[in-house]
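Per-entry structural report
Each chain, letter by letter, is given below.
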Amino acid sequence: MLDRVSDSHEPPAPSSDEPAPTTPGPASATPESSTPEPTSEPTPEPVPGQTGALPGADAKPAFGKPTTQDVTSGFVTGLFSIPEGMAYASIGGFAAPLGLWSGVVPTIVGSVFARTVLMVTTLTSAIALSSQSILAAAGLKPTDLGGLATLTLLVGVVMLVMGLLKLGSVMSFVSTAVMTGFTAGIALQIIAGVIKDATGYTPTRHNTIAKFVDAFAHLGDWRGPTVVVALATVGVWFVFKLIKPLESYATLIALLVVSVVCAIVKPDVELVKDIAAIPRSLPPFSLPDLGAVPALASGAIAIALVGLAQAAGIGAAVANPDGSRPDASKDFTAQGLANIAGGFFSALPTGGSLSRTGVGTSAGAKTRWSGIFAGVWLALLVLAVGPIAGEIPMAVIGGLLLVIGGELIAGRLRDIKLVLRTSVLSSVAMVITFLATTQLPLQDAIFIGAGLSILLYAVAASRKGKLFELIPDGAGGWRIEDAPKAIPSGRTTVLHYAGGSFFAEVNRLEDEWPDPRDAHDAALVLSLRGSAGIPSATFLKAFERAAVKLREHNVRLILCGVPDELLAVMRRVGTLAVLGEDSVVTETAVLMESVETAYARAEQWRARGATGPAL
């Protein structure tokens, strides 16, 4: 066996893109690569009716010609958007028509430009609740159409700028732990937001968890007809959810069946038209209130992050049928354009909707035309049956939102278990984000969550760096062991640093540095291949301190596997002057060649009696 990895530590491997060295001496070897950690997101299941993206496919998705399946799936998605759009607008305290109009112009524009071709851009529950929080913080009411238009436009501008700056990769820094806590909190907010619609009792508390406590403390104030209608809606949904061919239409069937029964029985329940009339019209033109820009600017950034985070998950879960690769930055741009256009047509802020994307794909969507048809069909359906939708009981919408909230929580159970089993820090981040989402305005919660994600990344990076010893095994290979506590005398010690030169690693690494005080006739080679690619000033100063300390005890330090970029930085900041030009061996195209060279140089220096330069 050429390499042996310690049971307790397994270092990341240096870059290994070269063949074995041909130089004499120990054969090329490198610390074994760490086994890649499992991804924190569950592997997406294939979507019915489509093929997976081809690995490495770079082709841009073609616009293509509409298919019969696109027309059909667009109709189903547009029909589904009536109850869901009204429901989401209602939980945000907005007029029901705004939820409908948010699925027309933004959906059409977003589908035209999206790189994830089947993604449906429309109002989501998280965006609706976030928008409500932002408007309240700005002192604006949900009925202020000018303020709403301004908010939607600002969200679009933020998304568009992020897309043009190609910041799609930023979403990878929002950890699964944070997104899981945020989504679970949103789900709980959805359920809390429909307590009135589902029970007839209006909680007097504003805190999400306190609303549940208040509601169950006043069970006697719940209205029987309202509760019966809400439970009947959940029951019908559950029955049809069990029927495989009708599973995708369970929500729509529950809406229609219970609403028709209520229209016949006429129970004493609140109707959609009692809150807001649904006009038989296309989305009206709206103008922004520029005076509201300062009050809404920071909140627009928070909503944009919420929408983009949700859309990023769609790109990972729903492959393009033509095999082209999704591009998060292009999807950001598409959503930005969708919001800018929608802001002028009475739409609330929008983003990628996983629920409506799923409805379209399960109904056979093949191209981006399915999303375009979804927006067109929704407009036509509102024109044809708009006032009739006003007869839908609010208890039905309340029951559907109980289902939606429950499905969101159930969908995250696997992630919750995964986070809890991963690490204490991830679990704490998830819980904190969940509590922030339920206790604070959503724009504050998403910023707290983003900060926690960055903190978790920093902590993980600071723990990654470690020193390992490479020992010639006498058979042409190298053995990997933990770094010694003290530098051995009478030989050259070869260490490999596995890490990223993150400044927070320095103090801990200096504590692990072998003690040179009792060493004699000794040299030290430190391999940096595959590490220290982005040096910090703190890290470079640590090299200088190490060189000086070793020199005090007549132990020679030679760095090897140094990339040209790092060498240039070391020369520019003076680190190379402290170490000495002959104390650095740059990396080459041959694996382990720099280690061999540095090892030979150190041995020559020792053979000369540890005096003079190590040539």
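Residues numbered from 1 in each chain as written. Predicted model: local features only at pLDDT ≥ 70, side-chain atom pairs only at ≥ 80, totals over all residues. Heavy atoms only, no water.

Attention now moves to the overall build of the protein chain. Tallying secondary structure elements over the protein chain gives 24 helices and eight strands in all. The buried share of the protein chain, taken over its 615 residues, is 52%. Within the protein chain, residue pairs in contact and separated by at least 24 positions form 83% of the contacts whose partners lie at least 6 positions apart. Split by element, the accessible area of the protein chain, about 26,600 Å² in all, is 65% carbon and sulfur. (Helix = DSSP H or I, 4+ residues; strand = E, 2+ residues; numbered from the N terminus. Buried < 20%, exposed > 50% of the residue type's maximum accessible area, 1.4 Å probe, protein only. Contact = heavy atoms within 4.5 Å. Areas by Shrake-Rupley, 256 points an atom, 1.4 Å probe, with all protein chains shown as cover.)

For the rest of this paragraph, the subject is the side chain of Ser131. Relative to the elements of secondary structure, Ser131 occurs in helix H4 (residues 125-137). If we skip the residues at most four places from it in the chain, Ser131 touches Phe94, Leu151, Ile303 and Pro349.

Charged atoms that come close allow side chains of opposite charge to pair. Applying the stated criterion across every chain, the model contains twelve salt bridges. Among the salt bridges present, the one from Arg517 reaches Asp515, with a minimum N-O distance of 2.6 Å. For the salt bridge of Glu581 with Arg571, the shortest nitrogen-to-oxygen distance reads 3.4 Å. With Glu581 in the loop between helix H23 (575-579) and strand S8 (584-586) and Arg571 in helix H22 (residues 564-573), this pair connects stretches of sequence that are ten residues apart. Given the relative accessible area of 51%, Glu581 is considered exposed. (Salt bridge = Lys/Arg side-chain N within 4 Å of Asp/Glu carboxyl O.)

Together, Phe238, Val239, Leu242, Ile243 and Leu246 line one region of the surface with nonpolar side chains, adding up to about 450 Å² of accessible area. The residue Leu242 is located in the loop between helix H9 (224-241) and helix H10 (250-265) in this model. On the accessibility criterion, Leu242 (61% relative accessible area) is exposed. (Patch = residues over 30% accessible without salt bridge, like charges linked within 9 Å, V, L, I, M, F, W, Y side chains within 5 Å.)

Along the chain, the position of Ile314 falls in helix H12 (residues 293-317). Taking relative accessible area as the criterion, Ile314 reaches 0% and is therefore assigned buried. Ile314 has contacts with Thr116, Met119, Gly352, Ser353, Leu354 and Thr357, leaving out every residue within four places of it along the chain.

Let us look at the confidence of the model for the protein chain. Across the protein chain, the average pLDDT comes to 79, with 83% of residues at or above 70. By mean pLDDT, helix H20 (residues 506-512) is the weakest element of the protein chain at 66, and helix H3 (residues 105-113) is the strongest at 95. Across residues 1-58 the pLDDT falls below 50, and counting only partners more than four positions away or on other chains, this stretch makes 132 contacts in the model. (pLDDT = per-residue confidence, 0-100.)

What follows concerns helix H13 (residues 328-343). Taking 1.5 Å of rise per residue, the 16 residues of H13 would be expected to cover 22 Å, and the 22 Å separating its terminal C-alpha atoms lies within 8% of that figure. The residue sitting at the N-terminus of H13 and contributing the capping side-chain oxygen is Asp327; that oxygen lies 2.9 Å from the backbone nitrogen of Ser329. (Expected span 1.5 Å × (residues − 1). Polar contact = N/O pair within 3.5 Å; in protein donor to acceptor, adjacent residues only side chain to side chain.)

Here the focus is the nonpolar core. Residues Met86 and Leu401 are the most contacted members of the largest nonpolar core, which totals 73 residues. With residues up to four places along the chain from it excluded, the contact list for Leu401 reads Ala87, Tyr88, Ile91, Ile190 and Val194. Core analysis: the next-biggest nonpolar cluster, separate from the first, contains 28 residues, Leu467, Ala483, Val555 and Met570 among them. (Core = buried A, V, L, I, M, F, W, Y, C linked by side-chain atoms within 4.5 Å.)

With 18 residues, helix H6 (residues 176-193) should reach 26 Å at 1.5 Å per residue; the first-to-last C-alpha distance of 25 Å fits that figure. Burial analysis of H6 places 17 of its 18 residues in the buried class, the great majority of the element.

On to the packing of H3 against H13. Packing of H3 against H13 leaves a shortest axis separation of 8 Å and a crossing angle of 150°. Regarding the angle of H3 to H13, the classification is roughly antiparallel. At the point where H3 passes H13, the crossing takes the right-handed sense. Touching Val105, Pro106, Val109, Gly110 and Phe113 of H3 are Lys330, Ala334, Leu337, Ala338, Ala341 and Gly342, all from H13. (Axes fitted to C-alpha atoms, helices over the stretch in contact; angles between N-to-C directions. Parallel < 35°, antiparallel > 145°, perpendicular 65-115°, else oblique. Left-handed = near helix turned anticlockwise from the far one by under 90°.)

Here we come to the packing of aromatic side chains. Across all of its chains, the model carries six aromatic pairs by this definition. Note on Phe75 and Trp377: the rings are 5.0 Å apart at their centroids and 85° apart in plane angle, and the pair reads as edge-to-face. Taken together, the positions of Phe75 in helix H1 (residues 68-91) and Trp377 in helix H15 (residues 369-389) put the pair 302 residues apart, joining distant regions of the chain. Since its relative accessible area comes to 32%, Phe75 is described here as partly exposed. Pairing Phe216 with Trp222 gives two aromatic rings, centres 5.7 Å apart and planes at 55°, and the pair type is tilted. (Phe/Tyr/Trp six-rings, centres within 6.5 Å; stacked < 30°, edge-to-face > 60°.)

Our focus in this paragraph is the pairing of strand S3 (residues 466-472). With six of seven residues buried, S3 is to be regarded as a mostly interior element. The pairing of S3 with strand S5 (residues 492-498) spans five bridges and is classified as antiparallel. For Leu467, the partnering residue across the bridge sits in S5 and is Tyr497. Hairpin geometry of S3 and strand S4 (residues 478-482) is characterised by an intervening segment of five residues between the two adjacent antiparallel strands and by a positive phi of about 80° at Gly474. (Pairing = 2+ DSSP bridges.)

Moving on, we get to the environment of Ser370. Tracing the backbone through its elements, the reader meets Ser370 in helix H15. Along the backbone, Ser370 and Val117 are 253 residues apart, and their C-alpha atoms lie at a distance of 9.0 Å. In this structure, Ser370 is in contact with Asp70, Ser73, Gly74, Leu118 and Ala365, ignoring residues within four places of it in sequence. At a separation of 2.9 Å, a polar atom in the side chain of Ser370 contacts the main-chain carbonyl oxygen of Thr367.

All right, on to unusual backbone geometry then. Residues other than glycine seldom take positive phi values, yet Lys166 does so here, at roughly 55°. Looking at the element boundaries, Lys166 is found in the loop between helix H5 (145-164) and H6. A positive phi angle, near 50°, is found at Asp521, a position not held by glycine.

A few words now on the sheet that holds S3. Hydrogen bonding along the main chain pairs the strands of a sheet, whether they run parallel or antiparallel. Pairing in this open sheet of six strands is mixed, and the strands run S4-S3-S5-S6-S7-S8 from one edge to the other. Only two strands of the sheet have a single partner each, and these edge strands are S4 and S8. For this sheet, the mean angle separating the axes of adjacent strands, direction not counted, is 25°. In this sheet, S8 lies alongside strand S7 (residues 556-562) in parallel orientation, the contact comprising three bridges. Looking at the pairing, Leu559 lines up with Val584 of S8. Contacts between helix H24 (residues 593-607) and the sheet are confined to S3, S4, S5, strand S6 (523-527), S7 and S8, with S7 contributing the most and set at about 165° to the helix.

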